[in-house]
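Tertiary structure, described
Below, each chain spelled out in residue letters.
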Amino acid sequence: MFKLAVLPGDGIGQEVTEHALKVLTAVKTKYDLALTYRLGLIGGKAIDEIGDPFPQETQELVAQSDAVFLGAVGGPKWDSPEKKVRPEQGLLAIRKALRLYANLRPVQCWPQLIEQSPFKKEKIEGVNLLIVRELTGGAYFGARGTEIKNGERKAFDTIEYSAEEIRRLVKVAFKLAGQRRKKLTSVDKANILETSRLWRKIVLEEAANYPEITLNHLYVDNCAMQLCLNPGQFDVLATENTFGDILSDQASVLGGSLGMLPSASIGDGPALYEPVHGSAPDIAGQNKANPLAAILSVAMMLRISLSCFEAALAIEKAVGRVLEQGLRTADIWAPGCIRVGTSALVDAVIKELN
Ligand code: IPM
Ligand code: MG
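Residues numbered from 1 in each chain as written. Chains lettered and ligands numbered in written order. Predicted model: local features only at pLDDT ≥ 70, side-chain atom pairs only at ≥ 80, totals over all residues. Heavy atoms only, no water.

**With respect to helix 4 (residues 87–97)**
For helix 4, the set of buried residues is Pro87, Gly90, Leu91, Ile94 and Arg95. Burial along helix 4 is one-sided: seen end-on, the buried residues are contained in an arc of 130 degrees. Phi for Arg99, located one or two positions after helix 4, is positive at around 50 degrees. (Buried < 20%, exposed > 50% of the residue type's maximum accessible area, 1.4 Å probe, protein only. Helix = DSSP H or I, 4+ residues; strand = E, 2+ residues; numbered from the N terminus. Arc of directions from axis to C-beta.)

**With respect to the domain arrangement of the chain**
Its domain assignment divides the chain into domain 1 (1–98 + 269–354) and domain 2 (107–129 + 136–256). In this structure, domain 1 and domain 2 have C-alpha centres spaced 24 Å apart. Buried surface at the junction of domain 1 and domain 2, both sides included, amounts to about 1000 Å², of which 66% is carbon and sulfur. The three residues of domain 1 that bury the most area against domain 2 are Leu92, Lys96 and Leu323, which together make up 39% of that side's buried surface. Put simply, domain 1 and domain 2 have zero salt bridges between them. At the surface where domain 1 touches domain 2, the tally comes to five residue pairs in polar contact (both at pLDDT 80 or more). Listing elements by their share of the side of domain 1 that touches domain 2, those giving two or more residues are helix 4 and helix 11 (309–324). (Domains from an automatic or database assignment. Buried area = accessible area lost by both parts, 1.4 Å probe. Salt bridge = Lys/Arg side-chain N within 4 Å of Asp/Glu carboxyl O. Polar contact = N/O pair within 3.5 Å; in protein donor to acceptor, adjacent residues only side chain to side chain.)

**Concerning the site of ligand 1**
Every residue close to ligand 1 is listed here: Glu88, Leu91, Arg95, Arg105, Arg133, Tyr140 and Asp245. Here Tyr140 contributes a side-chain N or O atom positioned 2.6 Å from an oxygen atom of ligand 1. For ligand 1, an oxygen atom lies 2.9 Å from a polar atom in the side chain of Asp245. Across the complex, the protein chains shield 76% of the 320 Å² of accessible surface that ligand 1 would expose by itself. (Near = heavy atom within 4 Å. Areas by Shrake-Rupley, 256 points an atom, 1.4 Å probe, with all protein chains shown as cover.)

**A few points about the layout of surface pockets**
Counted as a void, the largest pocket has a volume near 690 Å³. Lining the largest pocket are 22 residues, with Pro106, Arg180, Met300, Arg303 and Glu316 sitting closest to its centre. Built from parts of two domains, the lining of the largest pocket gets at least three residues from each of domain 1 (1–98 + 269–354) and domain 2 (107–129 + 136–256). The computed volume of the second largest pocket comes to approximately 360 Å³. Around the second largest pocket, the lining comprises 19 residues; the ones closest to its centre are Leu91, Arg95, Asp245, Val276 and Gly278. Among the secondary structure elements, those contributing two or more residues to the lining of the second largest pocket are strand 3 (67–72), helix 4 and helix 9 (241–252). The leading source of residues in the lining of the second largest pocket is helix 4, at four residues. (1 Å grid on protein atoms, 1.4 Å probe; cavity = no way out; pocket = protein on both sides within 12 Å on 5 of 7 lines; lining within 4 Å. Points joined across faces, edges and corners; volume = space filled by probe spheres on them.)

**A word on the environment of Phe174**
Mapped onto the secondary structure, Phe174 falls in helix 6 (residues 163–178). Given a relative accessible area of 1%, Phe174 falls into the buried group. In contact with Phe174, other than residues within four places in its own chain, are Leu184, Val203, Glu206, Ala207, Tyr210, Ile213 and Leu215. (Contact = heavy atoms within 4.5 Å.)

**Re the packing of aromatic side chains**
Counting across every chain of the model gives two aromatic pairs. Ring centres of Tyr161 and Trp199 lie 6.1 Å apart, and the angle between their planes is 70 degrees; this geometry places the pair in the edge-to-face category. Placement of Tyr161 in the loop between strand 7 (152–157) and helix 6 and of Trp199 in helix 7 (residues 194–207) is noted, with a sequence separation of 38 residues between them. On the basis of relative accessibility, which here comes to 9%, the residue Tyr161 falls in the buried class. Measuring from centroid to centroid gives 4.7 Å for Phe174 and Tyr210, while their planes differ by 5 degrees, and the two rings are stacked. Of this pair, Phe174 sits in helix 6 while Tyr210 sits in the loop between helix 7 and strand 9 (214–219), and the two are 36 residues apart along the sequence. Residue Tyr210 is classed as buried on the basis of its relative accessible area, which comes to 11%. One cation-aromatic arrangement involves Lys96 over Phe141; the distance from NZ or CZ to the ring centre is 4.5 Å. Arg133 extends its terminal NZ or CZ atom over the ring of Tyr140, reaching a point 5.2 Å from the ring centre. (Phe/Tyr/Trp six-rings, centres within 6.5 Å; stacked < 30°, edge-to-face > 60°. Lys NZ or Arg CZ within 6 Å of the ring centre and 35° of its normal.)

This is how it looks when you write it as structure tokens:
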């Protein structure tokens, strides 16, 4: 029996998770999957109820699970700079606890959404790339602090990477490139950062083990520009934590909306699946959120953690057909399309699945 921990979190995390579970239940029945799930607290909701963004109960729940589904965390309620405990700490803590070092963020240009893209059609047609972001190192986990020196307020964050942290991530990226179009772009800032120079060395060492992969290196600033100028050149991109955070939001525009972007975070134990978008508190609870990133994250889970390729593909195809019908939440709406709420879009996906 496959055990799933479900952590809806905050804001639209609650509703997109609820809807993703409906799709999972439909798929479970159709493909006769042996799967159970249990709900847990994370983020702001966990702070409110227990005083800890990643409480003990949730730590135990995820440790006993085969995979985790997470909605989103954060919101203005817990945002003030004076607050010592923040929802985002829950997310970082679960990434660290499960050693989820490789964050996979696929971005594809949906032909159904191409007309409304801020990019020219011919630039983004056929774009299908995968960002492999390191997730448990770098500035997110380095030493940080504030101090007053000679009456001046100062703050610092540090970026640190060990060779092994880089190597295990890079291996994942090379392997995934091998299953795709066999092209890997390593993104760094080796003209400035020492961590990037080590990164590049390790990438070059590993490249010797993957002769079938075409490798190139880009500085992160250039990569940001190339993602706009010629995104079709990319297959797999491998990069460190902060660069991957920024580049994946940027790349999401190529896919139509951040609301379309699923993700998987993998380590040596249970993997975690979550939509890339945040908790969007401004639209929470209004039936406005795009549920497709969460639904596509379920598809990633079925493929990676359960090896249910058929079910994963069925979800992705159902999403494609619903977009084809012109159904759209606000973030992907364009003139001539039918504007629907979250639940109507999910119902349409489920109908297509059945
Ligand atoms: C993401 C998010 C998180 C991050 C935040 C919510 C901590 O932006 O998953 O990309 O910065 O990693
Ligand atoms: Mg981000």
